[in-house]
Amino acid sequence: MGRAACSRGLTFVPESTCFHGYSCPWLVSRIMLSAAQNLPEDPALLKAIIADLQAENAKLAATVRAHDLVVQALRLRIAKLKKQAFGKSSEKIEREIEQLELALEDILVAVAQTVALPSDVEEDEATAHVDSARAMARRPRVASDTPRERKELDPGSACPDCGGELRLVGEDVSEIIEMITAKLKVIEVARPKKSCRCCEKMVQVPAPSRPIPGSMAGSSLLAYVLVSKFDDHLPLYRQNEILTRMGADIPRSTLADWCGKAMRTLQPLIERIEASVLASIVIHADDTPIQVLDHTRRAKGLGKGVKQGRIWGYVCDQRPWNGAAPPGVVYRFAPNWKAEHVQNHLCNASGILQADAYKGYAKLYEPGADGEPRFLEAACFAHWRRDFHDIWKANKSPIAREALDRIGQLYDIEREIAGKPADVRRAVRQEHSKPKLEALRAWAEQQLTRIPVKGDLASAIRYGLGRRHAFSLFIEDGRVAIDNNAAERAVRPIGLGRRNWLFAGSEAGAETLARAMTLIESAKMNGLDPQAYLGRKLIKWLEG
């Protein structure tokens, strides 16, 4: 139980909660009794102590109210930025969101430390602060299969006052979440050698296969290291510190060797995922930048020795139209943004490509020798809608507002048919979405005659009208989504990791990152724990 002292030298105990975190009247009374025994008998001194305590409590209350205002402002700013996290300035906005969220965490911690307990402030003021804290933080959610342990605090069978027999009339149940610390375990594989008494033949069980021949790394440890590095974005030197606390000092160089060789072991699995994803009739595509160290540039005096590469994400997600193929994502690294990389990535794929207006995709839509294109182009309404959103936020344009409302009506229909078979989706779109889309186009063409030709609003309208067929394909094919959000979600983890490791150490490192993310994010899309998934696959791969 913590203690504190006021400016007059009086020691008191501010905590008045039991170990469950609830107010405890018995504990409060004991604290008050303990504090009363230390009080001076001089009335003037008592009044001075009360005045000091009231002043300190007022300062605490003012601090909490100020923190609440800051928290509300930060939450509002973060919410606004998340709605704008797209377009050319998306990387800058994501970095600002990250910084604001870190600031918000610090403020919330400070609020938790400074909120006065009921014994320190007046009851109504304390209740207000508790309600405020509860409103800011939701109750933790725990998976249904999480192990549970019941501890029953039974008062016994006899009444402590009269000795009478107690009967059960109910119970109060509260929950405490505890953490079982991860532990390392060394498995000693003993292989006794035996000889035959008759023929002297030596008999010994063969050594079991290992994920990495000749190493001490088990499958579960390798899975932990891979997921920690590529999903939790923990550098290997930090993992070395964590594992050392667990009792095993594994050098950073050894961890790096394990990662590389484990990825080599998992390469056949990566190739299977790639084959499955790129065989999908509908493929979503998007890309994001990644900084890569280039020592040759520094040697030549070109900048800081860092160049910008790209990571593309190709997604198969047939869940919105109840397709049979499992969801998955393939990541590919390229040293630059040239169109040749996309054409190489998709050289054996065909069907429908849903993507943004990147010019590198254009050749994929051109007719081949048979007169048919390898891919049909499907556009992204979310991208078009963002252009109008930017304009409306900048100058409250009524035309931009109406465009948002009209596109929003199409999304209202999409919410009703999510997860329905493709033929059902097509029928609903033909009946309800098609007239609204035609009305949107007619309205947009009319607006072009009323606004400046070179303005941002005109450019946004022409973006949609100029890709008429691509924006109409979802009407004709129920397998096509209204937007490319599946691919945008897929490349988001790359952006999150980029804030932690800033750049890849080499092009080979960026390629390894892309392969590892293929495994991890595909597992997540299928509702699997990536660490458990990789651990099982490493064992299965050894067993053949």
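Our subject is the structure that appears above.
Residues numbered from 1 in each chain as written. Predicted model: local features only at pLDDT ≥ 70, side-chain atom pairs only at ≥ 80, totals over all residues. Heavy atoms only, no water.

Below, the discussion takes up the pairing of strand β7 (residues 328-334). Summarising burial for β7: six of the seven residues are buried, a large majority. Pairing geometry for strand β6 (residues 306-316) and β7, over seven bridges, is antiparallel. Paired with Cys 316 across the strands is Gly 328, a residue of β7. (Buried < 20%, exposed > 50% of the residue type's maximum accessible area, 1.4 Å probe, protein only. Helix = DSSP H or I, 4+ residues; strand = E, 2+ residues; numbered from the N terminus. Pairing = 2+ DSSP bridges.)

Attention now moves to the pattern of salt bridges. Counted according to the given criterion, the structure contains 19 salt bridges. A salt bridge links Glu 507 to Lys 307; the nearest nitrogen and oxygen atoms lie 2.3 Å apart. Of this pair, Glu 507 sits in helix α17 (residues 507-525) while Lys 307 sits in strand β6, and the two are 200 residues apart along the sequence. Taking the relative accessible area as the measure of exposure, Glu 507 reaches 31% and is therefore partly exposed. Taking the shortest distance from any N to any O, the salt bridge between Arg 319 and Asp 317 comes out at 2.8 Å. Judged by its relative accessible area of 46%, Arg 319 is partly exposed. The class of Asp 317 is buried, set by a relative accessible area of 10%. Linked by salt bridges that have partners in common, Arg 150, Glu 152 and Glu 171 make up one network. (Salt bridge = Lys/Arg side-chain N within 4 Å of Asp/Glu carboxyl O.)

The next point concerns the environment of Ala 504. Structurally, Ala 504 can be placed in the loop between α16 (485-501) and α17. Judged by relative accessible area, which is 8%, Ala 504 ranks as buried. Once the C-alpha coordinates of Ala 504 and Ile 290 are considered, the two residues, 214 residues apart in sequence, prove to be 7.4 Å apart. For Ala 504, the residues in contact, after removing those within four places along its chain, are Ile 290, Gln 291, Val 292, Leu 293 and Ala 510. (Contact = heavy atoms within 4.5 Å.)

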